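Okay, here's what each chain looks like letter by letter:
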Amino acid sequence: MAYTYDPQNIFAKILRGEIPNKTVLETDHTLAFHDIYPQAPIHVLVIPKGPYVTYDHFCAEASDAEIVDYARTVAKVCDMLGVVEDGWRLISNAGANAIQEVPHLHVHILGGRNLGRMLQPA
Ligand code: AMP
């Protein structure tokens, strides 16, 4: 699979400092920040700093250091947000069927309330 990364996407602009964000945690390879339109009391996005479009792209082509840093950052952010005890959800939309709006890998960390079932019936 060949992945094409658009460097003009909004998260690339955030990473270049061209638009602001509400940072939760930044590491060598990863940035976590609050979603601008929260869907739950806690809604944070975690993105790699590298140019990856989707989770499968990242897992296929990122370095071990990037992957470990990303996974550890998700865990740290969950701890910082205090969602571990009551539960939380991780979502990553990829491509058209998932209605991915921003073509730079991001996982959504959602919590702070009962989130209901994962999917609504079609
Ligand atoms: P997705 O549909 O999975 O691609 O989700 C994209 C998410 O990015 C949505 O939840 C938006 O609210 C969020 N978003 C878009 N622009 C920004 C921004 N400038 N800062 C923070 N979150 C954003």
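Residues numbered from 1 in each chain as written. Predicted model: local features only at pLDDT ≥ 70, side-chain atom pairs only at ≥ 80, totals over all residues. Heavy atoms only, no water.

Draft legend 1. Structural view of the pattern of salt bridges. Inspection of the entire model under this criterion finds 2 salt bridges. Of the charged contacts in the structure, one is a salt bridge between E18 and R16, with a shortest N-O distance of 2.7 Å. Exposure remark for E18: the relative accessible area of 46% places this residue in the partly exposed category. Accessibility expressed as a relative area gives 42% for R16, which makes it partly exposed. In this structure, E26 and K49 form a salt bridge, with 2.7 Å as the shortest nitrogen-oxygen distance. On the criterion of sequence distance, the pair formed by E26 in strand β1 (residues 23-26) and K49 in the loop between β3 (42-48) and α2 (55-61) is long-range, its members being 23 residues apart. What makes K49 partly exposed here is its relative accessible area of 31%. (Salt bridge = Lys/Arg side-chain N within 4 Å of Asp/Glu carboxyl O. Buried < 20%, exposed > 50% of the residue type's maximum accessible area, 1.4 Å probe, protein only. Helix = DSSP H or I, 4+ residues; strand = E, 2+ residues; numbered from the N terminus.)

Draft legend 2. Main features of unusual backbone geometry. In this structure, I99 takes a positive phi of about 55° despite not being glycine. Along the polypeptide, I99 turns up in the loop between β4 (88-91) and β5 (107-111).

Draft legend 3. View of the environment of Y70. Structurally, the position occupied by Y70 is in helix α3 (residues 64-81). Sequence separation of Y70 and D28 is 42 residues, and the distance between their C-alpha atoms is 9.5 Å.

Draft legend 4. Structural view of the pairing of β1. Pairing analysis gives 3 bridges linking β1 to strand β2 (residues 30-34), with the strands arranged antiparallel. Looking across to β2, one finds that L25 is bridged to A32. The turn linking β1 back onto β2 is made up of 3 residues. (Pairing = 2+ DSSP bridges.)

Draft legend 5. Structural detail: the nonpolar core. Core analysis: the largest hydrophobic core is formed by 18 residues, its most contacted members being A32, V46, V77, L81 and I109. Elements with a minimum of two residues in this core: β1, β3, α3 and β5. Among the elements that take part in this core, α3 stands out by supplying 5 residues, more than any other. The contact partners of V77, leaving out residues within four places of it in the chain, are V24, L25, A32, V44 and I109. Counting residues in hydrophobic clusters, the runner-up holds 7 residues, among them I14, F33, L45 and V102. (Core = buried A, V, L, I, M, F, W, Y, C linked by side-chain atoms within 4.5 Å. Contact = heavy atoms within 4.5 Å.)

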